[in-house]
Amino acid sequence: VKVELTKEGLRKKEEVIDLFFAYVELLKKKELPKYIYNEVKRISEIEFVFNEHMEGGSVASYYASKLQEFPPLKVDAYSKMLYEYSNKDYQKFLSYLKPSLLNAVVVNKDLKTSQVEKYYKVEYGTEKISDKLLAKWQNTHSFSELFLPEKNLYIPEKLEIITSESGDRPKQIL
């Protein structure tokens, strides 16, 4: 899961993680709504059709990792699109989103670091998440502000360009 934070969000990253786990708990209590599945499925189909071209090393790295999961000629389609609604798989996925399995990576040019990577000389730091913080996230409470989104009415069903049968140009109204 990738979360991009504002400067304020970065200052309150523990609160953001608390809200994340509270939202996961909200999701676990409900069946995956079909409308959300269908929206994600449709967006993945659109992204597949209008896939951006990748360059060099990123292409090789992408395919090397995906070839371990999918047959060579099916990598693009299988790794980017949804094929079957399954609340069971959805709940199984959610079961892995728990504080005890958290590996939070914070990337920011202004972070104070304490170590330097041996080969690339990249500065970084690591710290253990305190048991107190893990326990807080494990027993997160619900937030009334959290809810499932309503159906998105703006996801296109058809992507074809509509042409006028008569060849007439649109009328200028302003």
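Look up a bit, the structure's there.
Residues numbered from 1 in each chain as written. Predicted model: local features only at pLDDT ≥ 70, side-chain atom pairs only at ≥ 80, totals over all residues. Heavy atoms only, no water.

### Remarks on the overall build of the protein chain
Threshold: For the purposes of this entry, the term helix denotes a DSSP run of H or I that reaches at least four residues, the term strand denotes a run of E that reaches at least two, and both are numbered from the N terminus. Values of the radius of gyration come from C-alpha atoms, whereas the globule rule sets the reference at 2.2 Å times the count of residues to the power 0.38. Throughout this description, buried means an accessible area under 20% of the type-specific maximum (1.4 Å probe, protein chains only), exposed means over 50%, and partly exposed covers the range between. Whether two residues are in contact is decided by their heavy atoms: any pair within 4.5 Å suffices. Exposure was quantified through the Shrake-Rupley algorithm and a 1.4 Å probe, taking into account, for residues, occlusion by the shown protein chains and nothing else. A positive count includes Lys and Arg, and a negative count includes Asp and Glu. His and the chain ends are not counted in either. Where a charge sits is defined by one atom per residue type, namely NZ (Lys), CZ (Arg), CG (Asp) or CD (Glu).
What the protein chain contains, in helices and strands, is seven helices and two strands. If you list the helices and strands of the protein chain from N to C, you get α-α-α-α-α-α-β-β-α. Computed over its C-alpha atoms, the radius of gyration of the protein chain comes to 22 Å, more than 25% above the 16 Å expected for a compact globule of 174 residues. In terms of its C-alpha atoms, the protein chain occupies a principal-axis envelope of roughly 70 × 45 × 45 Å. Counting every position in the protein chain, which comprises 174 residues, the buried fraction comes to 17%. A fraction of 75% describes how many contacts in the protein chain between residues 6 or more apart in sequence connect residues 24 or more apart. In the structure as shown, the protein chain presents an accessible area of about 15,300 Å², 56% of it carried by carbon and sulfur atoms. Treating the 28 positive side-chain charges of the protein chain as one cloud and the 27 negative ones as another, the clouds have centres 3 Å apart.

### With respect to the side chain of serine 44
Selection criterion: The term polar contact refers here to a pair of N or O atoms within 3.5 Å; inside protein, the definition further demands a hydrogen-donor-capable atom paired with an acceptor-capable atom, and it admits residues adjacent in sequence only when both atoms are side-chain atoms.
Position of serine 44 among the secondary structure elements: in helix H3 (residues 34–49). In terms of polar contacts, serine 44 uses its side chain to reach the backbone carbonyl oxygen of lysine 41, at 2.7 Å. When residues no more than four places from it in sequence are discounted, the contact partners of serine 44 are Lys80, Met81 and Leu82.

### Overview of the layout of surface pockets
Quick note on the threshold: Here a cavity means grid points, on a 1 Å grid over the protein atoms only, where a 1.4 Å probe fits yet cannot get out; a pocket means an open set of points with protein on both sides within 12 Å along at least five of seven lines; lining residues are those with an atom within 4 Å of a point. Grid points are joined across faces, edges and corners, and a volume is the space filled by probe spheres set on the points. Residue polarity is assigned by list, with Asp, Glu, Lys and Arg as charged and Ala, Val, Leu, Ile, Met, Phe, Trp, Tyr, Cys and Pro as nonpolar; anything else, Gly included, falls into the polar class.
Of the pockets and cavities examined, the largest pocket occupies roughly 1,500 Å³. Lining the largest pocket are 43 residues, and of these Lys13, Ala104, Val105, Val106 and Val107 sit closest to its centre. Only helix H1 (7–11), helix H2 (13–28), strand E2 (123–124) and helix H7 (131–138) provide two or more residues apiece to the lining of the largest pocket. Of all the elements, H2 adds the most residues to the lining of the largest pocket, at six residues. Of the residues contributing to the lining of the largest pocket, the split by class is 23 nonpolar, eight polar and 12 charged. If you add up the space inside the second largest pocket, you get close to 360 Å³. When residues in the lining of the second largest pocket are grouped by element, the largest group, three residues, is from H3. Within the lining of the second largest pocket, the residues separate by chemical class into nine nonpolar, one polar and two charged.

### Details of the packing of H2 against helix H6 (residues 87–95)
Cut-off, in case you're wondering: To get an axis, a line is fitted to the C-alpha atoms, and for a helix only the part in contact is used. The angle between two axes follows their N-to-C directions and goes from 0 to 180 degrees. Reported orientations rely on four angle classes, namely roughly parallel under 35 degrees, roughly antiparallel over 145, roughly perpendicular from 65 to 115, and oblique for the rest. In this scheme the handedness of a crossing depends on how the near helix is turned from the far one: anticlockwise by less than a right angle means left-handed, clockwise means right-handed.
For the pair H2 and H6, interaxial distance at closest approach is 10 Å and the crossing angle is 155 degrees. In terms of orientation, H2 lies roughly antiparallel with respect to H6. Once H2 is placed against H6, the crossing between them reads as left-handed. Here Val24, Leu27 and Lys28 of H2 come into contact with H6, specifically with Tyr90, Gln91, Leu94 and Ser95. Taken together, the residues that form the contact of H2 with H6 break down as four nonpolar, two polar and one charged.

### Section: the side chain of arginine 42
Counting through the fold element by element, arginine 42 comes out in helix H3. Residue arginine 42 is classed as buried on the basis of its relative accessible area of 16%. When near neighbours in sequence (up to four residues on either side) are disregarded, arginine 42 contacts Ile155, Pro156, Glu157, Lys158 and Leu159.

### So, the packing of H2 against H7
The interhelical angle for the contact between H2 and H7, taken along N-to-C directions, is 35 degrees, at an axis separation of 9 Å. In this structure, H2 contributes Glu14, Ile17, Asp18 and Phe21 to the contact, and H7 contributes Leu133, Lys136 and Trp137. For the contact of H2 with H7, the residue count by class is four nonpolar, no polar and three charged.

### Some points on the environment of aspartate 168
For aspartate 168, the location among the structural elements is in the segment after H7. Classification of aspartate 168 as exposed rests on a relative accessible area of 55%. On a C-alpha basis, the gap between aspartate 168 and asparagine 38 in space is 36 Å, while along the polypeptide they are 130 residues apart.

### Side note on a nonpolar patch on the surface
Test applied: Only residues above 30% relative accessible area that lack a salt bridge enter a patch, with like-charged residues linked at up to 9 Å and the nonpolar side chains Val, Leu, Ile, Met, Phe, Trp and Tyr linked at up to 5 Å. In what follows, salt bridge is the name for a side-chain nitrogen of Lys or Arg lying within 4 Å of a carboxyl oxygen of Asp or Glu.
The grouping of Phe48, Val49, Phe50 and Leu159 at the surface amounts to a nonpolar patch, some 370 Å² of accessible area in total. Mapped onto the elements, phenylalanine 50 comes out in the loop between H3 and helix H4 (56–66).

### Considering unusual backbone geometry
Keep in mind that most residues, glycine aside, have a negative phi and that most peptide bonds are trans. We note that lysine 121 has phi near 60 degrees; this positive angle belongs to a residue other than glycine. Mapped onto the elements, lysine 121 comes out in the loop between strand E1 (115–116) and E2.

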